[in-house]
Amino acid sequence: MRVPLSILIYQRVLATPDPLFPECLHARRFEQQLRLLRRWFRLMPLSRAVTHLAEGTLPARAACLTFDNGYAEHASVALPLLQRYGVPATFFVAAGYLDGGCTWSDIVTEVVRNAPGERLNLGRSGFASYDIGCPLRRRAVIEMLLAALRLLPPAERLARVLSMARRPTPTMMSSDQLLALHRAGMDIGAHSLHHTVLSSLSNAAARAEIAEGQRRIEELIRARVSLFAYPSGKPGEDFEQRHGLMLRAQGFQAAVGSARGAARSGSDLFALPRFTPCEQGSGGFLLRMAGNLFTRA
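These notes cover the structure that comes with them. This structure is a prediction, so every number in the text was calculated from the model and none was measured. Here, residues in each chain are numbered from 1, in the same order as that chain's written sequence. Selection of residues for local features in this predicted model requires a pLDDT of at least 70, selection of side-chain atom pairs for listing and counting requires 80 or more, and totals for whole chains, interfaces and linings are taken over all residues. Note: side-chain values were computed over all heavy atoms of the structure, leaving out hydrogens and water.

This paragraph deals with the packing of aromatic side chains. Note on aromatic contacts: the rings of Phe and Tyr and the six-membered ring of Trp form a pair at centre separations within 6.5 Å, being stacked when their planes are under 30 degrees apart, edge-to-face when over 60 apart, and tilted otherwise. Applying the stated criterion across every chain, the model contains 7 aromatic pairs. For the ring pair Tyr10 and Phe67, a centre distance of 5.3 Å and an interplane angle of 25° mean the geometry is stacked. Here Tyr10 is found in strand E1 (residues 5-10), whereas its partner Phe67 is found in strand E3 (residues 62-67), with 57 residues between them in sequence. The buried category is assigned to Tyr10, whose relative accessible area is 3%. The interplanar angle of 75° and the centroid separation of 5.5 Å between the aromatic rings of Phe228 and Tyr230 together place this pair among those described as edge-to-face. By the burial criterion, Phe228 is buried, and Tyr230 matches it. The rings of Tyr10, Phe30, Phe67 and Phe91 are connected pair by pair, giving a single aromatic cluster. Sitting over a ring, as applied to charges here, requires NZ of Lys or CZ of Arg to be within 6 Å of the ring centre and within 35 degrees of the ring normal. The side chain of Arg12 reaches across the aromatic face of Tyr71, ending 4.2 Å from its centre. Secondary structure is summarised from DSSP: a helix means a run of H or I of at least four residues, a strand means a run of E of at least two, and numbering begins at the N terminus for each. Throughout, exposure labels follow a simple rule: accessible area from a 1.4 Å probe, protein chains only, divided by the maximum for the residue type, with under 20% read as buried, over 50% as exposed, and the rest as partly exposed.

Moving on, we come to the pairing of E1. The element E1 is largely enclosed, with a buried count of 6 among its 6 residues. Here E1 shows two buried faces, one formed by Leu5, Ile7 and Ile9 and the other by Ser6, Leu8 and Tyr10. Of the strand pairs in this sheet, E1 and E3 are connected by 6 bridges, and their pairing is parallel. Each residue of the ladder has a partner; that of Ile9, found in E3, is Thr66. Here a strand pair is declared whenever DSSP counts at least two bridges between the two strands.

What follows covers the pattern of salt bridges. Each salt bridge in this description consists of a side-chain nitrogen of Lys or Arg and a carboxyl oxygen of Asp or Glu lying within 4 Å of one another. One pass over the full model with this rule turns up 15 salt bridges. A salt bridge links Arg12 to Asp106, with the nearest nitrogen and oxygen atoms 3.5 Å apart. Residue Arg12 is found in the loop between E1 and helix H1 (27-40), and its partner Asp106 is found in helix H4 (residues 104-114); the two are separated by 94 residues along the sequence. Residue Arg12 is classed as partly exposed on the basis of its relative accessible area of 26%. Note that Glu31 is salt-bridged to Arg35, the shortest N-O span being 3.5 Å. Remark: Arg35 and Glu31 occur in helix H1; sequence separation between them is 4 residues, near one turn of the helix. Accessibility expressed as a relative area gives 45% for Arg35, which makes it partly exposed.

This is the structure:
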């Protein structure tokens, strides 16, 4: 029997609920999930789980927690809770965002969220003027802008986003926070340097993004970085088999994407599935965990 491995993806873990995005994970809800996970699953570092997968020795009810991008609250909010409950986790960091960085999607969200008045004119960024007179409209404008910008080439997208905000508020962790995670015994993994989707790059550029992202983190933590998370992570769309070969050649042990399902002995270690446990209630959360075990990866 091939024992399944559940790998969970977390991104933002806010200190308090967000009224504009009430479904976003916050500290109280994350603590509830940790209690459930610790009760019903055998939680282990992803590096150890990957070794078990390769050897066919994975224990029953195995699960891993992973955090993407390198948000500052991973160190300030998530880490203390992980330590309180004795739960290991893996943090995938885009090294190019360390020490004052901010993702393009967070910049857009910040601009619309904090815009004064009831209308927002984004004409200089290639958009229009929008009604933001209530929270629902603000959220709709954010979602529209993100959907439109996601389709643009990375350089054009970044230029248009930066024209909306001259001094965006940093959301990503500092080098000191990364070191704190490492010293707390957490696994540290890498994204591409600038969190660029690998399939959007030439082979040479993808290799450079992979290698430089790994190198910078290794220099900071003075330890080997052998786990990788594909930005966005949809197999066949955001990454392909050639990118797994690049990672293997660079010395990585395994890589994770964002396809649903559970990994099993014999799974491709450079295309491991993960899923987001977004349900708010305990029952819904456990049902989603159980359902994921039967989803074909």
